[in-house]
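# Structural description and commentary
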Protein chains: 4
Amino acid sequence: MSRSLPRRVVAEFLGTGFLVAAVVGSGIMGERLAGGNVALALLANTVATGAALAALILAFGPISGAHLNPVVSLLAAFEGGLPGRETIPYVFGQFLGGACGTLAAHLMFGLPVISPSTHARSGPAQVFSEFVATFGLICVIGGASRQSTQAVAAAVGAYITAAYWFTASTSFANPAVTLARCISNTFAGIRPGDVPWFIVAQFAGGGAAALLFHWLGASPQTHAEKVRLDPGRGQ
Amino acid sequence: MSRSLPRRVVAEFLGTGFLVAAVVGSGIMGERLAGGNVALALLANTVATGAALAALILAFGPISGAHLNPVVSLLAAFEGGLPGRETIPYVFGQFLGGACGTLAAHLMFGLPVISPSTHARSGPAQVFSEFVATFGLICVIGGASRQSTQAVAAAVGAYITAAYWFTASTSFANPAVTLARCISNTFAGIRPGDVPWFIVAQFAGGGAAALLFHWLGASPQTHAEKVRLDPGRGQ
Amino acid sequence: MSRSLPRRVVAEFLGTGFLVAAVVGSGIMGERLAGGNVALALLANTVATGAALAALILAFGPISGAHLNPVVSLLAAFEGGLPGRETIPYVFGQFLGGACGTLAAHLMFGLPVISPSTHARSGPAQVFSEFVATFGLICVIGGASRQSTQAVAAAVGAYITAAYWFTASTSFANPAVTLARCISNTFAGIRPGDVPWFIVAQFAGGGAAALLFHWLGASPQTHAEKVRLDPGRGQ
Amino acid sequence: MSRSLPRRVVAEFLGTGFLVAAVVGSGIMGERLAGGNVALALLANTVATGAALAALILAFGPISGAHLNPVVSLLAAFEGGLPGRETIPYVFGQFLGGACGTLAAHLMFGLPVISPSTHARSGPAQVFSEFVATFGLICVIGGASRQSTQAVAAAVGAYITAAYWFTASTSFANPAVTLARCISNTFAGIRPGDVPWFIVAQFAGGGAAALLFHWLGASPQTHAEKVRLDPGRGQ
C-alpha cells in the first residue's frame, strides 16, 4: 500500500467505473433479450453484478483497497484506516468513475451517452430496503476484511448477488452507483428525485453497521486499511 | 474467540436474521417477477440463499462460528465445542433472529409484518427430504470445518444451493429458519402445523450425521469450536 | 489419511450417493417446475450438480480423497496413489452409493424406488461427448490436485457445470453415476442398453488424459493420494 | 515452470481448445433447448464459459500459466515474463487449439466440422465493446495474478461471466477464441469479415490496460511469469 494517492484514486475510478458499467450494461442486455420476463432480466443483471464485484475486488483490492463505495471510504476514514485528507479524492474518484461507467455502457449499447431515468423507486419500503442492504454490506465487509482480499471478494460478490433479490430496491447500497444510475433511462435506472433518500438510507445503514461492528470487536476496516497499518501481511 | 457471549449471540442473531430475510425476501421477489414460472422463481430463491449463506459465514464465522442453526449449536454442545451453558443463548439468538428476518423481509416488500403461511408441506416424502437434507448439511459442515472458515462458507453455500433442488422440501434443514418461515404467507412459507415434523426430521438427520462423522474420525465440530480449543489458528 | 479402509469406503459411498441424489433429484424437481422449458430444467440440474460436487469434495476430500468416480480410483491405482487391493472396495462403494442415491431421490419425490429409464442416449456423437467430457475431467483433476482440496473442489464443480452444456451427452463422465441413472426413468435417466458405450468412452477418455498428464509431468493423482504419500501437507 | 516448451505449448493448446469447445458447445446446447428465449440461451452460455475458464486456469495454470489468449501471451512477452522466442509457439498453440475446440464441439453435436458463420457483429458499438472487454480482462489479470493461481481463476471466470452481459459484443476478448468462432455458424459464431476489427480492438484494449497497470505499479504479469522469475513460490 505504499502506492501514491493518484495511483490509488485511479484504481477506485476504474473499479467503480467497471462496476457501474456491469450494472447498467447487463441491465440493458438482460432487458433486451429476456422477452418481457423481468425475473430473467434481473437474474442476468444479478449474475453479472455479483461476478463483476468479485473480479474487481480481486483486481483492485491490492492496489487501493477496492472500496468502490463512498460509504466504505467514509467509514474507513472514521476508523482511521484511510487518512482524512485522502477521503475526498477517494470519493471523488468513485463518483466520477461511476458516471463514466454509465457513459461507457451507453456507448457499448449504442444509446445516447446520458438520459435521465424515469424509473420510480420511492416510498418507505424502498428506503428501508436500502438501509438494510447497506447495513448488511458493511457487516459482511467488516467480518470478511479480517481475513483476506479473497474473502472480501467472495463475500461481497455473494452478498450483493443475494441482496439484489431479497431487498425490494434490488440493493443499490452505494451512493456512487446510485448517482451513476440516475443518468441511465434503462433497466437499472433510478429517477433523479429518488436518489437523495437512497443515499441517506445508505449512509444511515452503513453507519449503524459500523457502530455495531465496533462493539462486536470487529471494526469494519477494509483489508486495504489493515495493509496500511501492517504492511507485512498485505497479501 | 475470546469475545464475550453477548457479542457472539448478537452475531448469531444478525446472521440468522439476514439468512431468513434472504430466503423469504428473494422468494417474494422471485414469485413477483417470474410471471408464474415456478422454476425461475425457485432459481432466484436458490441463488440468493446460497450466496447469502456463503457471505454470512464469511462475515460472522470469525465472531461466533456462524452456526446460524440450532442443530449445529446443539451438536457442537454435545461434542464439547460449545459450552453447555452457552447453548440456550445461541439457540435463542437464532430463533429470535430468524423471526426478525421474516419481519424485515415483509417490511421491505410492503407486506403485513406477520401472516401465517398456508403453504402445505407435509407427508412422508417431505419429512424424509428434511432428514436427508440435514444429514447432508451436517456431513458437509463436519468435513469442511476441519479446513477453514472459507471452506465452510463455500461448502455450505454450495450444498444448500444444490439441496434446494434435489430434496422435495427444498431443504429447510434448519429449525430456526423453519419456524421463521411459518409466519410468512409467501413463496417460502410453511404451514405452522407442518413445522413440528420438519424440526423432528432435522434433528434426527443431523444427529445421525454427527454419529457417523464421529465414527469416521472427523467429528462435526464447527470451525469456531476448533478456534476456541486452539486459539493460535483462528484464521 | 491414516483412516481405516472401511471408513474411507463409507465416505466414498456417502459422497457418490449424495452426488447421484443431487443429479437425479434436481432433474426431477427441474422438470416438474420448468413448465416444459428444457433449458430451464437443465440449468437447475446444472447448478445443483456443480454445487453438490464442490460441497462433497470439500466434505469428503480430507477423509477418502473424494474420488466419487471409478475412473478416478482406477487411475489412482495405476499411478500408485491408491493401493491395488483397495481399488475394488473403493469402486464397490461408489457403485453401491450411486444406486442408493437414486433410491433416495425417488423416495424424496414419492416415486417408485426403481424404474428403468427409457431415455435414449446413443450414437457416435453421444459416445464421443463422453470421451471428451471424461478426458477434460481427468485433465482438470490432474492439474488442480497439485494444489489443494479447495482447488479440486472448485475446479471439478466448475468443470462439470460447464460440461453439462458443452457436451451433447450432458457429461455423465462417471461410470458409477451412469449406472445409477439407468434405474431412474426421469429427466436425468439413461436407457440401460446405452450404458456400456458410455462407460467404455469414459474409461477411454480418462485413460487418454492420464497418459497425457503423465507426459506433461503432472500425473493425475488426486489430492488425497498425495496426502497419503506425504502426510505432512494434508491440508 | 521448469517444464519444457513443448509441454507448455500442449497445455495452451488443450486449454484453449476446451475453452472454445465450452463457448461454442454451450451456445449450441443453449439455443437448442431455450425455445427461442435468447436470454436463457445466453445465460447457459455464460455459466458454462465462466465456469470452464475457472476450471481450466486451475488445471493448466501450474503447467503453462494458462494464458489461453494471444493478448495475454504478447503482453507477457513485452513485460519480460515470457521469453520472446516462446511467444510464437504459445500463440500458435492457442490458435490451433481454438480451431480444434470448434471442431470438437461440432462433432459432439453432430454438425459439419466447419461452417463459416453468418452472424454479423459489426459497427462501432461492437468494436468499442471489445476494447472495453479486453481492457477490463487485462486489468483483472494484472491485479489478480499478484496473488495466486486460485485468485486468477476466480477473477477471470467471474469477469467473463459479467462481461458476457455488460458488453454489447458478449465479450470475446481473445483473438484465438474470435478466430475459432468464425468457423461455427451457431449461436456463438461471428462472420469472418467482422473478425479483424474485433482482434484490433482486443489488442488495443489489452495494450492500454497493460500501460495503465505498468503505471499503477502492478504490471500485468501473469502468475506463471512470476513463477518463472521466482521459482520458490510457484505454488
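The structure under discussion appears in the preceding block.
Notes on the structure follow. Model, not experiment: these values are computed from the prediction.

### As for the overall build of chain A
Broken down by element type, chain A carries nine helices and zero strands. The N-to-C order of helical and strand elements in chain A reads α-α-α-α-α-α-α-α-α. Taken over C-alpha atoms, the radius of gyration comes to 17 Å for chain A, in line with the 18 Å a tight globule of 235 residues would show. With respect to the three principal axes, the spread of C-alpha positions in chain A is 50 × 35 × 25 Å. Counting all 235 residues of chain A, 70% fall into the buried class.

### Considerations on the relation of the copies chain D and chain C
After a rotation of 90 degrees and a shift along the axis of 0.0 Å, chain D superposes on chain C with an RMSD of 0.0 Å. Taken together, the rotation angle and the small translation identify this as a four-fold axis. No C-alpha of chain D lies nearer the rotation axis than that of L40(D), which sits 5.3 Å from it. Of the residues that chain D buries at the interface, just 5% are likewise interface residues in chain C, meaning the two copies contact each other through different surfaces.

### Notes on the arrangement of the chains
As for chain C relative to chain A, no contact occurs, and the smallest C-alpha gap between them is 11 Å. The closest approach of any C-alpha atom in chain B to one in chain D is 11 Å; the two make no contact.

### So, unusual backbone geometry
For residues that are not glycine, phi is negative in most cases, and the peptide bond is trans in most cases. Phi at S171(A) takes a positive value of approximately 55 degrees, unusual for a residue other than glycine. Mapping S171(A) onto the fold places it in the loop between helix 6 (149-166) and helix 7 (175-181). In this structure S171(A) comes out as buried when scored by C-beta crowding, with 25 C-beta atoms within 10 Å. In this model, L68(C) sits at a positive phi of 60 degrees, which is unusual for a non-glycine residue. Within the element layout of this structure, L68(C) appears in the loop between helix 2 (38-64) and helix 3 (70-79).

### Some points on the interface of chain D and chain C
The interface of chain D with chain C comprises 40 residues on the first partner and 33 residues on the second. Residue assignment for the side of chain D that touches chain C shows that the elements contributing at least two residues are helix 1 (5-33), helix 2 (38-64), helix 4 (84-108) and helix 6 (149-166) of chain D. At 15 residues, helix 2 of chain D tops the list of elements feeding residues into the side of chain D that touches chain C. Its residues assigned to classes, the side of chain D that touches chain C comprises 29 nonpolar, nine polar and two charged.

### Comments concerning the relation of the copies chain C and chain B
With an axial shift of 0.0 Å and an RMSD of 0.0 Å, the rotation relating chain C to chain B amounts to 90 degrees. The fraction of interface residues of chain C whose copies in chain B are also interface residues is only 5%, indicating that the copies meet through different surfaces.

### Some points on the packing of helix 1 (residues 5-33) of chain C against helix 4 (residues 84-108) of chain C
All names here are of chain C. Where helix 1 contacts helix 4, the axes come no closer than 6 Å and their chain directions differ by 35 degrees. Seen along the crossing, helix 1 lies across helix 4 with a hand that is right-handed. A class-by-class count of the residues in the contact of helix 1 with helix 4 yields 17 nonpolar, nine polar and two charged.

### What about the environment of L212(D)?
Residues and elements named next belong to chain D. Counting through the fold element by element, L212 comes out in helix 8 (residues 195-216). The class for L212 is partly exposed, based on 18 C-beta atoms found within 10 Å. C-alpha of L212 to C-alpha of C139: the two residues are 73 residues apart in sequence and 8.4 Å apart in space.

### Let's talk about the interface of chain C and chain B
Counting residues at the interface gives 40 residues for chain C and 33 residues for chain B. Only helix 1, helix 2, helix 4 and helix 6 (149-166) of chain C provide two or more residues apiece to the side of chain C that touches chain B. Ranked by residues supplied to the side of chain C that touches chain B, first place goes to helix 2 of chain C with 15 residues. Of the residues contributing to the side of chain C that touches chain B, the split by class is 29 nonpolar, nine polar and two charged.

### Considering the environment of G61(B)
Position of G61(B) relative to the elements: it lies in helix 2 (residues 38-64). In this structure, the C-alpha to C-alpha distance between G61(B) and A11(B), residues 50 residues apart in sequence, is 8.9 Å.

Rules used in this analysis
- Residues numbered from 1 in each chain as written.
- Chains lettered and ligands numbered in written order.
- Predicted model: local features only at pLDDT ≥ 70, side-chain atom pairs only at ≥ 80, totals over all residues.
- Helix = DSSP H or I, 4+ residues; strand = E, 2+ residues; numbered from the N terminus.
- Rg over C-alpha atoms; globule rule 2.2 N^0.38 Å.
- Buried ≥ 20, exposed ≤ 12 C-beta atoms within 10 Å, placed from the backbone.
- Least-squares fit on C-alpha atoms with pLDDT ≥ 70 in both.
- Contact = placed C-beta atoms within 7 Å.
- Nonpolar A, V, L, I, M, F, W, Y, C, P; charged D, E, K, R; others polar.
- Axes fitted to C-alpha atoms, helices over the stretch in contact; angles between N-to-C directions.
- Left-handed = near helix turned anticlockwise from the far one by under 90°.

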